[in-house]
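# Secondary and tertiary structure notes
So the chains spell out like this:
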Amino acid sequence: MNSKNKLAEMPIRPLVYTMAIPLMLSLLVQSLYNIVDSIFVARLSETALTAASLVYSVQFLMIAVGVGTAVGLNSLLSRKIGEHKTEEACQAATTGLFLMLFTSIIFSFAGIFLSDTIAFKMATDPELQTLCKQYLSINLVYCCGIFLQTYGQRLLQAVGDTVLSMISLIIGAILNIILDPIMIFGLFGCPAMGIRGAAIATVIGQMVGAIAALLFNRFRNPLIHAHLKNYHFRWRDVADIYRVGLPTIIMQAIGSIMTLVVNSILLPVSATAVAFFGVYYKLQNFLMMPINGLGQAAIPIVGYNYGNRKYHRVQQTWKVLLPTGAIIALCGTVIFWCFPGQLLQLFSASQEMLTLGIPALRIISVSFVMAAITILCGYFASGLGNGIINMVSAAIRQLILLVPCLLIFIKISGISHGWYAVWIAEIVACIYSYYMSHKLLKTIFAHKLEVRK
């Protein structure tokens, strides 16, 4: 059965799971090598771990632009294929490639000319500034790999091939994990490069993963190919990509802004609080990767069947997504509640970090189910071409309510009670995203009834 028929005809529950599981695994591996970076960097010093935590907010901004553009492209391609407009899908894919290359050039120039300035703004301690600059500049200057890797994976996902998408990501991730200790500590004759080695290992893994993804598309993608022959640039394709992609970029960038602001709130409390928040954020992202894999699988399924006017399959996807995501998130809550000390010890946590972090992880983990529902509702709406719901819900849960509540709670009751701000932000975001996505679904079915009349 080819990918087109699979998206149109396979029963929804097995379709969602067969597409989501490879994405979950690939995203878990991707998140794992971010965690492995931090584990090895933590063995250098807590200052190095703090530097990696501070730089992660800038890395996350770069990833936000790439992922947002790719989500918009994925949504557009899926709808074009569902409408049986394969040639238009190829034209849009070529436009998407140019957008990715242009974006990577901008970030590379930022790495060349602005790394010193960004590091200076991040920290006042000279040693911390130096470490931030070393880690940041390499990740920015050689960022083309992550943009091309993301692009290649989304083309595969748009035609329902999440297995090859997974393999391309795993290839890069495993290479990164292997190179990390070799380059950081100087094994097998390689010079010890410290935090620079972690950054170099990351960009090498991304570039190799990008090559694998592009080769898979060249030889195994049956429908979509980027090509210059008979290509015509269309601003309409750019608009369609960023109609979904721009809200997703903003949504992802909100996470970067949030980490910058939260770090500025926590730094006066202690550098350990900043290091802990960086550790928590990576652990939480690791947990949410299966949720994101589930949501990313939903985008081509929803987009294809919406474009093909099979609205009942869109509704069935909705009914499968939320319960599955809630169960995964609940498992994460149990792990964080029962084993917080063991999770922190992975990062060579000091006694101060354990004292701060164990109760914090337990408090925050209570909100995981609500966060999962919010994320999945946003992906579902993106598959229908609406990226605003995703953006607004992310702003609520990560910035609009979280930051002021955290600041107020810390001022009133101290850092130990500040983490309850997460509860407030997640509850409100969950209510908003569920209501708006369900309303969007009802609008689709109302339109279906009108067409029948």
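The shown structure was predicted, so the numbers you read here are calculated from the model rather than taken from an experiment.

## Re the overall build of the protein
Each helix and strand counted, the protein has 18 helices and zero strands in total. For 453 residues, the compact-globule estimate of 2.2 N^0.38 gives 22 Å, and the C-alpha radius of gyration of the protein, at 22 Å, lies within 12% of that figure. Considered along the principal axes of its C-alpha atoms, the protein spans approximately 65 × 50 × 35 Å. With 453 residues in all, the protein has 60% of them scored as buried. The long-range fraction of contacts in the protein, counting pairs at least 24 apart against all pairs at least 6 apart in sequence, stands at 82%. Separation of charge centres in the protein, based on 30 positive and 16 negative side chains, amounts to 11 Å.

## Section: the nonpolar core
Counting 133 residues, the largest nonpolar core has L77, L266, F276 and W419 as the members making the most contacts within it. No other element matches helix α10 (residues 271–307), which puts 19 residues into this core.

## Considerations on the packing of aromatic side chains
Tallied over the full model, the rule gives 14 aromatic pairs. Ring geometry for F277 and W419: centres 6.4 Å apart, planes at 10°, overall stacked. Of this pair, F277 sits in helix α10 while W419 is found in the loop between α17 (415–418) and α18 (421–452), placing the two residues 142 residues apart along the sequence. In this pair, the class of F277 matches that of W419, namely buried. Cation over ring: R218 sits above F219, and NZ or CZ is 5.2 Å from the ring centre. The cationic tip of R362 hangs over the ring face of W337; the distance from NZ or CZ to the ring centre is 5.8 Å.

## Some details on the pattern of salt bridges
The final tally for this structure, using the stated rule, is five salt bridges. For K80, the salt bridge is made with E88, and the minimal N-O distance between the two is 2.7 Å. With relative accessibility at 8%, the residue K80 sits in the buried group. R397 is the partner of E426 in a salt bridge, and the nearest nitrogen-oxygen pair spans 3.0 Å. Here E426 is found in helix α18, whereas its partner R397 is found in helix α15 (residues 388–400), with 29 residues between them in sequence. Assessed through its relative accessible area of 5%, E426 is described here as buried.

## Considering the environment of I195
Checked against the element boundaries, I195 lands in helix α8 (residues 195–220). In this structure I195 comes out as buried when scored by relative accessible area, which is 3%. In the structure, I195 is positioned 188 residues away from L7 in sequence and 44 Å away in space, judged by C-alpha atoms. Excluding residues within four positions of it along the chain, I195 makes contact with V41, L44, A48, A51, L131, Q134 and Y135.

## Some words on empty space enclosed by the protein
Applying the stated criterion across every chain, the model contains five cavities of 30 Å³ or more. When its volume is computed, the largest cavity comes out at roughly 760 Å³. Around the largest cavity, the lining is made up of 40 residues, and of these F60, I63, Q252, M289 and N292 lie nearest the centre. Residue composition of the lining of the largest cavity, by class: 17 nonpolar, 21 polar and two charged. The computed volume of the second largest cavity comes to approximately 160 Å³. What lines the second largest cavity is a set of 15 residues, among which M258, Y280, R397, L402 and V422 lie closest to the centre. Every element with two or more residues in the lining of the second largest cavity is listed here: α9 (235–266), α10, α15, α16 (402–413) and α18. Ranked by residue count, the leading element in the lining of the second largest cavity is α10, at four residues.

## Brief notes about the packing of helix α11 (residues 311–338) against helix α14 (residues 368–383)
One way to put it is that α11 packs onto α14 with a least axis distance of 8 Å and a crossing angle of 150°. With respect to α14, the axis of α11 lies roughly antiparallel. Seen from above, α11 lies across α14 with right-handed handedness. Contacts between α11 and α14 pair V314, W318, L321, L322, G325, A326, A329, L330, G332, T333 and F336 from the former with F368, V369, A372, I373, L376, C377 and F380 from the latter. By residue class, the composition of the contact of α11 with α14 is 15 nonpolar, three polar and no charged.

Criteria and thresholds
- Residues numbered from 1 in each chain as written.
- Predicted model: local features only at pLDDT ≥ 70, side-chain atom pairs only at ≥ 80, totals over all residues.
- Heavy atoms only, no water.
- Helix = DSSP H or I, 4+ residues; strand = E, 2+ residues; numbered from the N terminus.
- Rg over C-alpha atoms; globule rule 2.2 N^0.38 Å.
- Buried < 20%, exposed > 50% of the residue type's maximum accessible area, 1.4 Å probe, protein only.
- Contact = heavy atoms within 4.5 Å.
- Lys, Arg positive; Asp, Glu negative; His and termini not counted.
- Charge placed at Lys NZ, Arg CZ, Asp CG, Glu CD.
- Core = buried A, V, L, I, M, F, W, Y, C linked by side-chain atoms within 4.5 Å.
- Phe/Tyr/Trp six-rings, centres within 6.5 Å; stacked < 30°, edge-to-face > 60°.
- Lys NZ or Arg CZ within 6 Å of the ring centre and 35° of its normal.
- Salt bridge = Lys/Arg side-chain N within 4 Å of Asp/Glu carboxyl O.
- 1 Å grid on protein atoms, 1.4 Å probe; cavity = no way out; pocket = protein on both sides within 12 Å on 5 of 7 lines; lining within 4 Å.
- Points joined across faces, edges and corners; volume = space filled by probe spheres on them.
- Nonpolar A, V, L, I, M, F, W, Y, C, P; charged D, E, K, R; others polar.
- Axes fitted to C-alpha atoms, helices over the stretch in contact; angles between N-to-C directions.
- Parallel < 35°, antiparallel > 145°, perpendicular 65-115°, else oblique.
- Left-handed = near helix turned anticlockwise from the far one by under 90°.

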